[in-house]
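Residues per chain, in single letters:
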Amino acid sequence: MRIKDLIMVSMRNLWRRKLRTSLTILGVVIGTASIVLMVSLGIAMNQNFIKEIERMGSLTTINVYPSYRYDPMMDKNPSGGSVDEGMITDMTVASFESIPGVAIASPVLELSLKMTADKYVSWIQLKGIKPALLEVQKLKIAEGRLLEEQDKLAFLFGSEVAYGFYDPLSSGGGMWYYQEGNEERMPPPVDLMTARLKASYDMNFGEKAPPGGTGMKPVRPYNITAIGIIEGQGEHAYSVYTTLDQARAIKIEQDRYNASVSGTETSGTGSKKKTVETYNNAIVQVEDIDQVETVIETIKGMGFEAYSLMEYLKSMQNTSNAIQMVLGGIGAISLLVAAIGITNTMIMSIYERTKEIGVMKVIGAKMKDIKKMFLIEAAMIGFLGGATGLVISFGGSKILNFVGKNISLFGMGGGGVDTQLSVIPLWLYILAIVFTTLVGLISGYLPAVRAMKLSVLSALRTE
Amino acid sequence: MGKIMIIKGLRKVYRMGKEKVIALDHVDLDIEEEKVYCLLGPSGSGKSTLLNMMAGLEPPTKGSISFKNLKIDKMNESDLANFRRRHIGFIFQSYNLIPTLNALENITMPLLFKGVHPKVRHKVGMEMLDAIGIKDRWRHKPTEMSGGQQQRVSLARAFINDPDIIFADEPTGNLDTKTANTMMMLMLGLVKERRQTLIIVTHNEELAVFADYVIHIRDGNIYEIVMNADKKKVDHSTTEI
């Protein structure tokens, strides 16, 4: 029999029992819609996790810390010269860079500074890094440009840094720029790109001098140029970047100042120059997200602490997988019920058509043709149910997203504008339709074989 | 004239619970090509059983049936289906048309199973409908036709494949005498024209006059075979509705 004829005959047979066919299809529709919607909730949850984490920072960034709690401020390195294992030095950073899959590794030299921008004051955490790192991280700039190697006394600011500035003369402190009941954000008090910037490691800098003075000799602040503002929220939002060389230069002066203030220079370390410089931490940028875990393993194997958002993502994904399983399982039950419905319908229609099957066999139908005829019928029920179910899922997904726009279900979502409750990717559509057709085929198999094996004579004798 | 079917030592036993019912025993029969046979006997004589076994609808308990050089008794279900599709046509007492299909679709069903192209099916089917004289009713469903018309459709369905043997099980049993006669004429005309073999099962002795050989069956045995020498001539031109 030609396949076209088979399909046509099956279609006619379905059509001739419209009500029963549509009720059976309805079962599949409900099964498909529930399974697809449930899975779409899980997928949306997963996507929201990833989005949320990406807001926090790049998934391919690994932060490496020394292997023990080690405070660079206290690091006077009394033994002199030798550097403990597990400390981050230029050498270790170079060895990170040689790990396969690593795009770039940069040490981070952190300094706490006091800054002024016109009349406003703020504490900042300055990070000295290799300028190339920001390029590899594909950092987006809202204003200005990225850091370059030859920049001197030039800072790159995170988007949130400007909000940290306050007017020391005003009483309110003024750290909050949200208005009551209004999500709309006020502009920051100062535009860092245009303001006159000064920075100092003296923590009293910029404040009203206490009556009678601090008793310390004032430090001459650095004049700073703002070269750019980093776009968006995330790990860079509160950071201030400069070149490694610049950070190092400030640190040397800070160390010298601290020594002179506290008078600990007597130990003589100041004259004995450290042979190897150590850093607070290091940032390792991995080329591909799939390599993150192996690189972390390698770095940990070298005796360092290494963290990435991947680990956080992993645990979140485990949670969402478990939720997806439960949701999918609920959907699967309704599809199972639908599958039983298909089998039932097919058995019923074979009972009804027993005589017809007998006649067809007598006039020359092949065994296989009979089987195929019923299989196609069952598959068609599955397919039509799946297709209709997908249309309904599509609509349902739209409604869920519309209704859930302002509701944070499952406590996730974070209220982002693009947060969706239900996401149906293309593969889910294709998978669903293939799956329901398959469910139809499987449900129809037993009845079809039964029809095929009907004895001709007894089939003919049925009325 | 060659023999198209040879039956030897045929025996069929049915089990009715614990009891054995012997439907046929010691049946030997040769069927010649292009002849019309009539299996005549009262109900329960085993004539339908014989027909069913010849048509490959049920297997014999013992004995052999060969069609040309094919051993029908040795065939499995699937081979039997192929055998039926290629070599035989079947006409039922109760027409057995598919109620959801129209006349043309019913007639061309065997071609459908053969995988013939729809256009060819339509053409051949219309020719067949023309030959049996109900061309204008091709769109009608079985329920919209009279018994005679339905049996014509059933007839056309049996002939469309151009089979070697046509089996007819009480073909006129549900028809009035006049229609039955027209039907017989039509059937005999087609068989002669196409040089086919026809085997009719009936308990109606009036039909026996149309056959070349009348095989009398009684209690599961062939009682006697009568050759109809003074058979009525079949006039092809007298077929009418």
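Numbers given for residues are sequential positions, taken from 1 along each chain in its written order. Think of it this way: whatever chain is written first is A, whatever ligand is written first is 1, and the rest follow in order. With pLDDT at 70 or above as the cut-off, local features in this predicted model cover only qualifying residues; side-chain atom pairs require 80 or more to be listed or tallied, and sums for whole chains, interfaces and linings still use all residues. To get the side-chain values, all heavy atoms of the structure are used, and hydrogens and water are removed first.

Draft legend 1. Quick peek at a nonpolar patch on the surface. Every patch collects residues that have over 30% relative accessible area and no salt bridge, joining them within 9 Å if they carry like charges and within 5 Å if they are nonpolar side chains (Val, Leu, Ile, Met, Phe, Trp, Tyr). Per-residue and other accessible areas follow the Shrake-Rupley method at a 1.4 Å probe size, with only the shown protein chains counted as cover for residues. Here a salt bridge means any side-chain nitrogen of Lys or Arg lying within 4 Å of a carboxyl oxygen belonging to Asp or Glu. There is a patch of nonpolar side chains on the surface, built from A:Leu19, A:Leu23, A:Leu26 and A:Ile30 and spanning about 420 Å² of accessible area. Looking at the secondary structure, you find A:Ile30 in helix H2 (residues 18-56). Secondary structure follows DSSP: runs of H or I at least 4 residues long count as helices, runs of E at least 2 residues long count as strands, and numbering of each begins at the N terminus.

Draft legend 2. Representation of unusual backbone geometry within the structure. Residues and elements named next belong to chain B. We note that Tyr 95 has phi near 65 degrees; this positive angle belongs to a residue other than glycine. Of note, the phi angle at Asn 96 is positive, near 50 degrees, even though the residue is not glycine. Position of Asn 96 among the secondary structure elements: in the loop between strand E6 (88-91) and helix H3 (103-107).

Draft legend 3. Here's a closer look at the sheet that holds strand E4 (residues 62-67) of chain B. Residues and elements named next belong to chain B. Two strands pair if DSSP finds at least two bridges between them. If you walk across this open sheet you meet the four strands as E2-E1-E4-E5, and the pairing is antiparallel. Either end of the sheet is taken by a strand with one partner, and the two such strands are strand E2 (19-32) and strand E5 (70-71). Of the strand pairs in this sheet, E4 and E5 are connected by two bridges, and their pairing is antiparallel. Along E5, the bridge assignment pairs Phe 67 with Leu 70. This element, helix H1 (residues 47-54), spans strand E1 (3-16), E2 and E4 of the sheet and lies at about 120 degrees to E1. By definition in these notes, contact holds between two residues if any of their heavy atoms fall within 4.5 Å. Every angle, taken between N-to-C directions, lies between 0 and 180 degrees, and every axis is a line fitted to C-alpha atoms, over only the stretch in contact when it is a helix.

Draft legend 4. Here's a closer look at the interface of chain B and chain A. Opposite the 28 residues of chain B that make contact, chain A presents 23 residues. Take the accessible area each of two parts loses on contact, using a 1.4 Å probe, and add the two losses: that sum is the buried area. Here chain B packs against chain A, burying approximately 2300 Å² in sum over the two surfaces, 64% of which is carbon and sulfur. Run the count over chain B and chain A and you get two salt bridges. For B:Glu105, the salt bridge is made with A:Arg12, and the minimal N-O distance between the two is 2.6 Å. Contacts described as polar in this section are N or O atom pairs within 3.5 Å, which, within protein, must combine one atom able to donate a hydrogen with one able to accept it, while residues neighboring in sequence count only if both atoms come from side chains. Seen at the junction of chain B and chain A, the total is six residue pairs in polar contact (both at pLDDT 80 or more). With six residues, helix H2 (residues 77-87) of chain B is the largest single contributor of residues to the side of chain B that touches chain A. Of the residues contributing to the side of chain B that touches chain A, the split by class is 13 nonpolar, eight polar and seven charged. Residues were grouped as follows: Ala, Val, Leu, Ile, Met, Phe, Trp, Tyr, Cys and Pro as nonpolar; Asp, Glu, Lys and Arg as charged; and all remaining residues, including Gly, as polar.

Draft legend 5. A look at the packing of helix H1 (residues 3-15) of chain A against helix H9 (residues 367-403) of chain A. Residues and elements named next belong to chain A. The geometry of H1 relative to H9 is characterised by a closest axis approach of 9 Å and an angle of 60 degrees between their N-to-C directions. Judged by the inter-axis angle, H1 sits oblique to H9. For the crossing formed where H1 meets H9, the hand is right-handed. Only Asp 369, Lys 372, Met 373, Ile 376, Glu 377, Met 380 and Ile 381 of H9 make contact with H1, whose side of the interface consists of Ile 3, Leu 6, Ile 7, Val 9, Ser 10, Met 11, Asn 13 and Leu 14. In terms of residue class, the contact of H1 with H9 is made up of ten nonpolar, two polar and three charged. Roughly parallel covers angles under 35 degrees, roughly antiparallel covers those over 145, roughly perpendicular covers 65 to 115, and oblique covers all other angles. By convention the crossing between two helices is left-handed if the near helix lies anticlockwise of the far one by an angle smaller than a right angle, and right-handed if it lies clockwise.

Draft legend 6. Focus on the packing of H2(A) against helix H10 (residues 426-453) of chain A. Residues and elements named next belong to chain A. In contact at an axis separation of 11 Å, H2 and H10 are set at 150 degrees when each is read in the N-to-C sense. Taken as axis vectors, H2 and H10 run roughly antiparallel relative to one another. Of the two elements, H2 crosses H10, and the hand of that crossing is right-handed. Together, Val 28, Thr 32, Val 36, Val 39, Ser 40 and Ile 43 of H2 and Trp 427, Leu 428, Ala 432 and Thr 436 of H10 make up the contact between the two elements. Among the residues forming the contact of H2 with H10, the class breakdown is seven nonpolar, three polar and no charged.

Draft legend 7. Region of the structure containing the packing of aromatic side chains. Ring geometry is summarised as follows: Phe, Tyr and Trp rings, the Trp one being its six-membered ring, pair when their centres sit within 6.5 Å, and such pairs are stacked at plane angles under 30 degrees, edge-to-face over 60 and tilted between the two. Enumeration according to the criterion identifies ten aromatic pairs over all chains in this entry. Ring centres of A:Phe155 and A:Phe157 lie 6.2 Å apart, and the angle between their planes is 65 degrees; on these two criteria the pair is classed as edge-to-face. Neither residue differs from the other here; A:Phe155 and A:Phe157 are each classed as buried. The structure contains a cluster of three or more aromatic residues connected by ring pairs, namely A:Tyr201, A:Tyr222 and A:Tyr257. We call a charge positioned above a ring when the Lys NZ or Arg CZ atom is no farther than 6 Å from the ring centre and deviates by at most 35 degrees from the ring normal. The cationic tip of A:Lys114 hangs over the ring face of A:Trp123; the distance from NZ or CZ to the ring centre is 4.5 Å. Lying over the aromatic face of B:Tyr223, B:Arg218 brings its terminal NZ or CZ to 4.0 Å of the ring centre. For every residue, the accessible area obtained with a 1.4 Å probe (protein chains only) is divided by the maximum for its type, and the residue is called buried under 20%, exposed over 50%, and partly exposed between those limits.

Draft legend 8. Structural detail: the sheet that holds strand E7 (residues 165-169) of chain B. Residues and elements named next belong to chain B. The strand order across the open sheet built from six strands is E6-E7-E8-E3-E9-E10, with neighbouring strands paired in mixed fashion. In the strand order of this sheet, the two ends are held by E6 and strand E10 (221-227), each with one partner. Between one strand axis and the next, the sheet turns through 15 degrees on average, direction left out of account. Relative to strand E8 (residues 197-202), strand E3 (residues 36-40) runs parallel, the two being bridged by five bridges.

Draft legend 9. Spatial organisation of the side chain of B:His87. Residues and elements named next belong to chain B. With respect to the helices, strands and loops of the structure, His 87 is situated in helix H2. Using a relative accessible area of 18% as the deciding quantity, one classes His 87 as buried. The contacts of His 87, once residues within four sequence positions are left out, are Phe 67, Leu 70, Pro 163, Asp 164 and Ile 165.

Draft legend 10. How the structure looks around the environment of B:Leu10. Residue and element names in this part refer to chain B. With respect to the helices, strands and loops of the structure, Leu 10 is situated in strand E1. In this structure Leu 10 comes out as buried when scored by relative accessible area, which is 0%. Each C-alpha atom, one on Leu 10 and one on Thr 61, is 7.6 Å from the other, the two residues being 51 residues apart in sequence. Each residue touching Leu 10, except ones within four places of it in the same chain, is listed here: Leu 24, Asp 25, His 26, Val 27, Leu 50, Met 53, Pro 60, Lys 62, Gly 63, Ser 64 and Ile 65.

Draft legend 11. The pattern of salt bridges, seen in detail. Taken as a whole and assessed by the stated rule, the structure comprises 23 salt bridges over all chains. Here A:Asp5 ties to A:Arg2 by a salt bridge, and the two come within 3.9 Å at their closest N and O atoms. Of the charged contacts, one joins A:Glu377 and A:Arg17 as a salt bridge, the two residues approaching to 3.0 Å between their closest N and O atoms. Separated by 360 residues along the polypeptide, A:Glu377 in helix H9 and A:Arg17 in the loop between H1 and H2 bring together distant segments of the chain. Assigned by exposure class, A:Glu377 and A:Arg17 land together as buried. Residues joined by salt bridges that share partners form a network here, namely A:Arg2, A:Asp5 and B:Arg121.

Draft legend 12. Structural context of the pairing of E1(B). All names here are of chain B. Bridge count for E1 against E2 is ten bridges, and the pairing is antiparallel. Among the inter-strand pairings, Met 16 is bridged to a residue of E2, identified as Glu 19. What sits between the antiparallel neighbours E1 and E2 is a turn of two residues, in which Gly 17 has the positive phi angle 65 degrees. For E1 and E4, the ladder comprises five bridges, and the chain directions are antiparallel. The residue bridging Arg 11 from the neighbouring strand is Lys 62, located in E4.

Draft legend 13. Layout of H10(A). The length a helix should cover is 1.5 Å for every residue beyond the first. Given a rise of 1.5 Å per residue, 28 residues ought to cover 40 Å, and the 40 Å separating the end C-alpha atoms of H10(A) matches this to within 8%. The bend reported for a residue corresponds to the angle between axes fitted to the seven residues ending at that residue and the seven starting there. Approximately 40 degrees is the largest bend angle found in H10(A), and it occurs at A:Tyr445, with the proline A:Pro447 only one to four residues beyond.

Draft legend 14. Examining helix H6 (residues 292-301) of chain A more closely. Residues and elements named next belong to chain A. Along H6, the residues classified as buried are Val 292, Val 295, Ile 296 and Ile 299. Down the axis of H6, the smallest arc covering the buried residues is 100 degrees, so these residues share one side. Along H6, the residues that are exposed and aim more than 90 degrees away from the buried face are Glu 297 and Gly 301. Buried-residue contacts for H6 involve strand E1 (61-65), helix H3 (90-97), strand E2 (102-117), strand E11 (281-286), strand E12 (305-308) and helix H7 (309-352). Once H6 ends, the next one or two residues include Gly 303, with phi positive near 100 degrees. Note: the arc covers the axis-to-C-beta directions of the helix.

Everything listed is a geometric property; what it means functionally is a separate question.
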